[in-house]
Amino acid sequence: MPGNPNEIKLVNNAMANATRRKIMNFLEKGETSTEEIGGEIGKTMLDFHLKVLQQASLIELGEGTAKLSEYGRNFLKGKADKGEEKNADISKAKPVEIAEIRQLLPCIANSSKFRVIANMAPPLGGTLKVLEPLFPRGRYSDRINALIMQKGEIITTIYGTGKVTMTMIKNEGEAGEALENLRNTINEAIAKGVVPAPREKVRVEPMEIYKYLPQTNCGKCSEQSCYTFAIKLMSGEVSLDKCTPLKEPGYVTNFEHLQVLSAYI
Ligand code: SF4
């Protein structure tokens, strides 16, 4: 049964993939032929997915068959008890309007771009948390009760209070369009009454982290280079706070981007 960090990593990696999650759920009914699994889930890379699940001790493979291991059964049961993998009911939420852009201020890091503050009404409060899967790069933060999303360079933060901020916006037109898209995405989900189940984790590469670091190799974080820092940040060996230059006013937006990216690690 997985217990040490490497084994737990294998399980997390196995379950980070939607196809493998489907296979696990399909096997809940009992031992099944791989032919039947392929017919239901799809044959593309089926052998690979089964091998990954087997290596994580989640399933056992026989002669052309597969079944959940005891650990796999308990794993799924634990998820069901926690209410994971289910669509969230938001039928009681009311459609939102995103009111006027209250401020369009130059971004500190890039004066050709703007920072926008708008207001969403009614505020979504605790419903924000279940909206996270609607956005490909969305992350809900309990600490600040806010949903943070990244699309290209633009980072949007919706707070439970209704405040909405966006960084790295080109102009008022782009701000209006981005806010309109946001409103439509949320209202479509509210009209349906549900949002999708939590999705696969977004994968962040060291190069993406590196892109937003100062790239001066100053050594203040005690690492040889910014790229080494990026790799260590990915593996959890250092925290973002160790790069003190990021606290300087010129790196405000970079710091915001890195905070969002760190949430995906
Ligand atoms: S402190 Fe920041 S800028 Fe300096 S080397 Fe480390 S990561 Fe790079």
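Provided above is the structure to which this section pertains.
Residues numbered from 1 in each chain as written. Predicted model: local features only at pLDDT ≥ 70, side-chain atom pairs only at ≥ 80, totals over all residues. Heavy atoms only, no water.

Examining the overall build of the protein
Inference 1: Scanning the protein from N- to C-terminus turns up 10 helices and 11 strands.
Inference 2: With 265 residues in all, the protein has 41% of them scored as buried.
Inference 3: For the protein, the exposed surface amounts to about 14600 Å²; the carbon and sulfur share of it is 51%. (Helix = DSSP H or I, 4+ residues; strand = E, 2+ residues; numbered from the N terminus. Buried < 20%, exposed > 50% of the residue type's maximum accessible area, 1.4 Å probe, protein only. Areas by Shrake-Rupley, 256 points an atom, 1.4 Å probe, with all protein chains shown as cover.)

Regarding the pattern of salt bridges
Inference 1: Tallied over the entire structure, the rule returns eight salt bridges.
Inference 2: For E97, the salt bridge is made with R183, and the minimal N-O distance between the two is 3.1 Å. On the criterion of sequence distance, the pair formed by E97 in strand β5 (residues 97-106) and R183 in helix α7 (residues 172-192) is long-range, its members being 86 residues apart.
Inference 3: The shortest N-O distance in the salt bridge between K232 and E223 comes to 3.2 Å.
Inference 4: With a relative accessible area of 26%, K232 lands in the partly exposed category.
Inference 5: The network of salt bridges with shared partners includes E97, E180 and R183. (Salt bridge = Lys/Arg side-chain N within 4 Å of Asp/Glu carboxyl O.)

Some remarks on the site of the ligand
Inference 1: Close contacts around the ligand come from P214, T216, N217, C218, G219, K220, C221, C226, F229, C243 and P245, and that covers them all.
Inference 2: Class assignment of the residues belonging to the shell around the ligand gives a composition of seven nonpolar, three polar and one charged. (Near = heavy atom within 4 Å. Nonpolar A, V, L, I, M, F, W, Y, C, P; charged D, E, K, R; others polar.)

Some remarks on the sheet that holds strand β3 (residues 65-68)
Inference 1: Reading across from one edge, β1-β3-β2 is the order of the three strands in this open sheet, with antiparallel pairing throughout. Looking at the sheet topology across the chains shown, the edges are occupied by β1 (32-33) and β2 (59-61).
Inference 2: Bridging between β1 and β3 involves two bridges; their strand directions are antiparallel. Each residue of the ladder has a partner; that of T32, found in β3, is A66.
Inference 3: Sheet strands touched by helix α4 (residues 46-55): β2 and β3. Its angle to β2, the strand with the most contacts, is close to 120°. (Pairing = 2+ DSSP bridges. Contact = heavy atoms within 4.5 Å. Axes fitted to C-alpha atoms, helices over the stretch in contact; angles between N-to-C directions.)

What about unusual backbone geometry?
Inference 1: Put simply, A121 and P122 share a cis peptide bond, and its omega is -5°.
Inference 2: Not every positive phi belongs to a glycine, and S57 is a case in point at roughly 65°.
Inference 3: One can find S57 in the loop between α4 and β2.

A short note on the nonpolar core
Inference 1: In terms of nonpolar packing, the biggest core is built from 25 residues, with M120, L124, I158, L179, L182 and I186 touching the most fellow members.
Inference 2: With residues up to four places along the chain from it excluded, the contact list for I158 reads M120, L128, N145, A146, L147, M149, K163, V164, L182 and I186.
Inference 3: In this structure, A14, M15, L46 and L76 belong to the second largest nonpolar core, which totals 20 residues. (Core = buried A, V, L, I, M, F, W, Y, C linked by side-chain atoms within 4.5 Å.)

Structural notes on the environment of L131
Inference 1: With respect to the helices, strands and loops of the structure, L131 is situated in helix α6 (residues 128-131).
Inference 2: The exposure class of L131 is buried, given its relative accessible area of 0%.
Inference 3: For the pair L131 and T185, spaced 54 residues apart in the sequence, the C-alpha separation amounts to 9.8 Å.

Focus on the pairing of strand β7 (residues 138-141)
Walk down a regular strand and you will see the side chains alternate between the two sheet faces.
Inference 1: Of the pairings in the sheet, the one linking β7 to strand β8 (residues 146-151) comprises four bridges and is antiparallel in character. Within the sheet, the bridge partner assigned to S141 lies in β8 and is A146.
Inference 2: Adjacent in sequence and paired antiparallel, β7 and β8 are bridged by four residues, among which N145 carries a positive phi angle near 45°.

Some remarks on the environment of V116
Inference 1: Mapped onto the elements of the fold, V116 is located in strand β6 (residues 114-121).
Inference 2: A sequence separation of 50 residues divides V116 from M166, and the C-alpha atoms of the two residues are 5.0 Å apart.

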